[in-house]
Amino acid sequence: QQQVKQSPQSLIVQKGGIPIINCAYENTAFDYFPWYQQFPGKGPALLIAIRPDVSEKKEGRFTISFNKSAKQFSLHIMDSQPGDSATYFCAASEGSNYKLTFGKGTLLTVNP
Amino acid sequence: KAGVTQTPRYLIKTRGQQVTLSCSPISGHRSVSWYQQTPGQGLQFLFEYFSETQRNKGNFPGRFSGRQFSNSRSEMNVSTLELGDSALYLCASSRGPGRAEAFFGQGTRLTVV
């Protein structure tokens, strides 16, 4: 059972574009939703995270939008750059449980 | 501040052998989690340790085991290796209760031949 569904699988945008990656979850007990960025040969790096008590969070060019009623959240990357080309993973966990349930990942390519 | 350190970075083992991977968490972090990453299954949770106790375990066979030491360093062991165990094994550390942020190491790339 895939508890966190991520789309699209891959995404190509031009430099300056705003790629949007979406995730949907099933477990209503999830209360922590991080996004990770992974470059080839590296481990995932924590980008930004949100809890259900807010609908939006911004950190630099990265924004998470959260819709609790729809059980969906998304990552927006403003003014995307070729250096943003990487695989992005959404994840979720509940309470003091540090087990992260990951989406399948989105391979983002930002063309110059 | 040093990040999460995993050793070794690369391993090649033969089917039937066993392997031990090591993880040193960020200084001050007391929780260590392990994940398996493969192209087909993505990132899957193996287990999590806090204060030397296993708190959570994922859906993996008993051949996968782990432990945590008093200095928070952790090891995971895979016995009787199978070809399907070839993967990137990632360790993540978290500070502890109430602090959910998890920081990953670069992983150990295990190849079983």
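Here's a quick rundown of the structure. Within every chain, residues take consecutive numbers counted from 1 along the sequence as written. To label them, take the chains in the order written and letter them from A, then take the ligands in the order written and number them from 1. Totals for whole chains, interfaces and linings use every residue, but because this is a predicted model, local features are given only for residues with pLDDT of at least 70 and side-chain atom pairs only at 80 or more, for both listing and counting. Note: side-chain values were computed over all heavy atoms of the structure, leaving out hydrogens and water.

Thoughts on the packing of aromatic side chains
- Two aromatic rings from Phe, Tyr or Trp, using only the six-membered ring of Trp, form a pair when their centres are within 6.5 Å; if the ring planes differ by under 30 degrees the pair is stacked, by over 60 it is edge-to-face, and anything between is tilted. Applying the stated rule across the entire model yields 17 aromatic pairs over all chains.
- Here the aromatic rings of A:Tyr36 and A:Phe102 are separated by 5.8 Å at their centres, their planes lie at 50 degrees, and the arrangement is tilted. With A:Tyr36 in strand 4 (residues 33-38) and A:Phe102 in strand 10 (residues 101-102), this residue pair connects regions lying 66 residues apart in the sequence.
- A relative accessible area of 0% places A:Tyr36 in the buried class.
- The buried label applies to any residue whose accessible area, calculated with a 1.4 Å probe on protein chains only, is under 20% of its type's maximum; exposed applies above 50%, and partly exposed to all values in between. Judged by its relative accessible area of 7%, A:Phe102 is buried.
- Taking 5.6 Å as the distance between ring centres and 70 degrees as the angle between the ring planes, the aromatic pair formed by B:Tyr35 and B:Phe45 counts as edge-to-face. Here the residue B:Tyr35 occupies a position in strand 4 (residues 31-38), and B:Phe45 occupies one in strand 5 (residues 42-50), the gap between them amounting to 10 residues. For the pair B:Tyr35 and B:Phe45, a shared accessibility class is recorded, and that class is buried.
- Here a set of aromatic residues connected by ring pairs shows up, and it is made of A:Tyr25, A:Phe30, A:Phe33, A:Trp35, A:Phe66 and A:Phe73. Numbered from the N terminus, helices here are DSSP runs of H or I no shorter than four residues, and strands are runs of E no shorter than two.

Quick word on the sheet that holds strand 6 (residues 56-59) of chain A
Residues and elements named next belong to chain A.
- Paired strands, in this sense, are two strands between which DSSP finds at least two bridges. Spatially, the 5 strands line up as an open sheet ordered 1-3-8-7-6, and their pairing is antiparallel. Across the chains shown, the open sheet's two edge strands, defined by having one partner strand only, are strand 1 (4-7) and strand 6. On average, adjacent strands in this sheet sit at an angle of 15 degrees to one another, irrespective of strand direction.
- Note: strand 3 (residues 20-25) against strand 8 (residues 72-77), 5 bridges, orientation antiparallel. Bridging across to strand 8, cysteine 23 finds its partner in phenylalanine 73. To get an axis, a line is fitted to the C-alpha atoms, and for a helix only the part in contact is used. The angle between two axes follows their N-to-C directions and goes from 0 to 180 degrees.

Some details on the state of the cysteines
- Note that a disulfide, as used here, is simply two cysteine sulfur atoms within 2.5 Å. Taken as a whole and judged by the stated rule, the model has 2 disulfides over all chains.
- Residue pairing for A:Cys23: its cysteine sulfur links by disulfide to A:Cys90, the two sulfurs lying 1.9 Å apart. Because the torsion about its S-S bond is -95 degrees, the bridge between A:Cys23 and A:Cys90 counts as left-handed. Here A:Cys23, found in strand 3, pairs with A:Cys90, found in strand 9 (residues 86-92); they are 67 residues apart in sequence, far enough to count as distant. In this pair, the class of A:Cys23 matches that of A:Cys90, namely buried.
- The residue that forms a disulfide with B:Cys23 is B:Cys91, at a sulfur-sulfur distance of 1.8 Å.

Any functional reading would require information beyond the geometric quantities listed.
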